[in-house]
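Listed here are the chains, written in short residue letters.
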Amino acid sequence: MIALGSEDLLTPERPPRSPAEISGALEALLLLAEEPRRTADLAAAVGEPESVVQDTLAELVAFYDETGRGFELRQVGGGWRYYTREEHAELIAASVLEGQQARLSQAALETLAVIAYTQPISRGRVSAVRGVNVDGVIRTLVARGLVEEAGQDPESGAVVFVTTSYFLERMGLRSLGDLPALAPHLPEAEALEAELGLLADQARDRGVPEQQPEHDNEKSDQ
């Protein structure tokens, strides 16, 4: 009887598979994804190093672009997901959604923009920027998963809001740093923010609490 040493029981390490060998598996996983899948999760699922998976995903992105597919693979919200191409948006809306998608109102879009560019920001400051009560609108944005509470302002104690990873996903952004520059669209943005800061400082000096709307205009402002 031959005695086997511990070294004889070791299985030789399998070399990583090539991108061509795992691209199909990654496509199958991503087709079923309901939210962006992180590179690390995909690597664990196919049993390959993250570097190999990253290279494979980059090759798939290039392949879809070169062959003019009606969809594309994007890295957004911390992960990877398939999206239909922007040039087919009207076709999809007409033939699939049939006008039934619940779109955000103009008021909700404006409120979301204020939060995105000035976060973390309190409800009262958003109301000051927009000049209207935003209680109902913010509830709508929270319910849609686009914004969330992120603690309290250290000075006023008011609850502050920030955008979520789902916001990045829906906007097709990797991070908030990918937001377009605001200055070309609103040249007075910096002056407005400075004015808001001055007003807030004056209110604190007078002992006036941060603006809290008395009435809920949810129905009219959503």
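Our structure's up above, just so we're on the same page.
Residues numbered from 1 in each chain as written. Predicted model: local features only at pLDDT ≥ 70, side-chain atom pairs only at ≥ 80, totals over all residues. Heavy atoms only, no water.

Asker: Could you give an account of the packing of aromatic side chains, with specific residues and numbers?
Answerer: Counting across every chain of the model gives 4 aromatic pairs. An aromatic cluster is built from Phe63, Tyr64, Phe71 and Tyr82, whose rings are joined through pairwise contacts. One residue, arginine 74, lies across the ring of tyrosine 83, its end atom 4.4 Å from the ring centre. (Phe/Tyr/Trp six-rings, centres within 6.5 Å; stacked < 30°, edge-to-face > 60°. Lys NZ or Arg CZ within 6 Å of the ring centre and 35° of its normal.)

Asker: Help me get a handle on unusual backbone geometry, residues and values and all.
Answerer: A cis geometry characterises the amide bond from glutamine 119 onward to proline 120, with omega recorded as -5°. Considering the arrangement of structural elements, one finds proline 120 in the loop between helix H5 (106-118) and strand E3 (121-122). (Helix = DSSP H or I, 4+ residues; strand = E, 2+ residues; numbered from the N terminus.)

Asker: Quick rundown of the packing of helix H1 (residues 19-31) against helix H2 (residues 39-46)? Include the residues and the values.
Answerer: Helix-helix packing: each pair is described by the crossing angle between the helix axes and the interaxial distance. Look at H1 against H2: their axes get within 10 Å of each other, and the N-to-C directions meet at 120°. Judged on the interaxial angle alone, H2 and H1 are oblique. Two packed elements cross with a definite hand, and for H1 against H2 that hand is right-handed. Across from Ala25, Leu26, Leu29 and Leu30 in H1, the residues of H2 making contact are Leu42, Ala45 and Val46. Partitioned by chemical class, the residues of the contact of H1 with H2 number 7 nonpolar, no polar and no charged. (Axes fitted to C-alpha atoms, helices over the stretch in contact; angles between N-to-C directions. Parallel < 35°, antiparallel > 145°, perpendicular 65-115°, else oblique. Left-handed = near helix turned anticlockwise from the far one by under 90°. Contact = heavy atoms within 4.5 Å. Nonpolar A, V, L, I, M, F, W, Y, C, P; charged D, E, K, R; others polar.)

Asker: Pulling in residues and values, what's your account of the pairing of strand E4 (residues 147-152)?
Answerer: Taken residue by residue, a regular strand's side chains alternate between the two faces of the sheet. One ladder, built from 4 bridges, connects E4 with strand E5 (residues 159-163); its direction is antiparallel. Counterpart to glutamate 148 in the pairing with E5 is valine 162. In this structure, the hairpin formed by E4 and E5 is closed by a connection of 6 residues, where glycine 157 is found at a positive phi of approximately 80°. (Pairing = 2+ DSSP bridges.)

Asker: Describe the side chain of threonine 39, naming the residues involved and giving the relevant values.
Answerer: Positionally, threonine 39 belongs in helix H2. In this structure the side chain of threonine 39 is engaged in a polar contact, spanning 3.4 Å, whose partner is the side chain of glutamine 54. Those residues within four positions of threonine 39 in sequence are excluded, and the remaining contacts are Glu50, Val53, Gln54, Leu57 and Trp80. (Polar contact = N/O pair within 3.5 Å; in protein donor to acceptor, adjacent residues only side chain to side chain.)

Asker: How would you sum up the nonpolar core? Please name residues and give values.
Answerer: In this structure, Leu112, Ile115, Val126, Leu141 and Phe167 are the most contacted members of the largest nonpolar core, which totals 19 residues. Elements with a contribution of two residues or more to this core: H5, helix H7 (135-143) and helix H8 (165-171). Here this core takes 6 residues from H5, the largest share from any one element. Every residue in contact with leucine 112, bar those within four places of it in the chain, is listed here: Leu104, Leu141, Leu146, Val147, Thr163 and Phe167. The next biggest cluster of nonpolar side chains, apart from the first, holds 14 residues, and it includes Leu26, Val52, Leu57 and Tyr82. (Core = buried A, V, L, I, M, F, W, Y, C linked by side-chain atoms within 4.5 Å. Buried < 20%, exposed > 50% of the residue type's maximum accessible area, 1.4 Å probe, protein only.)

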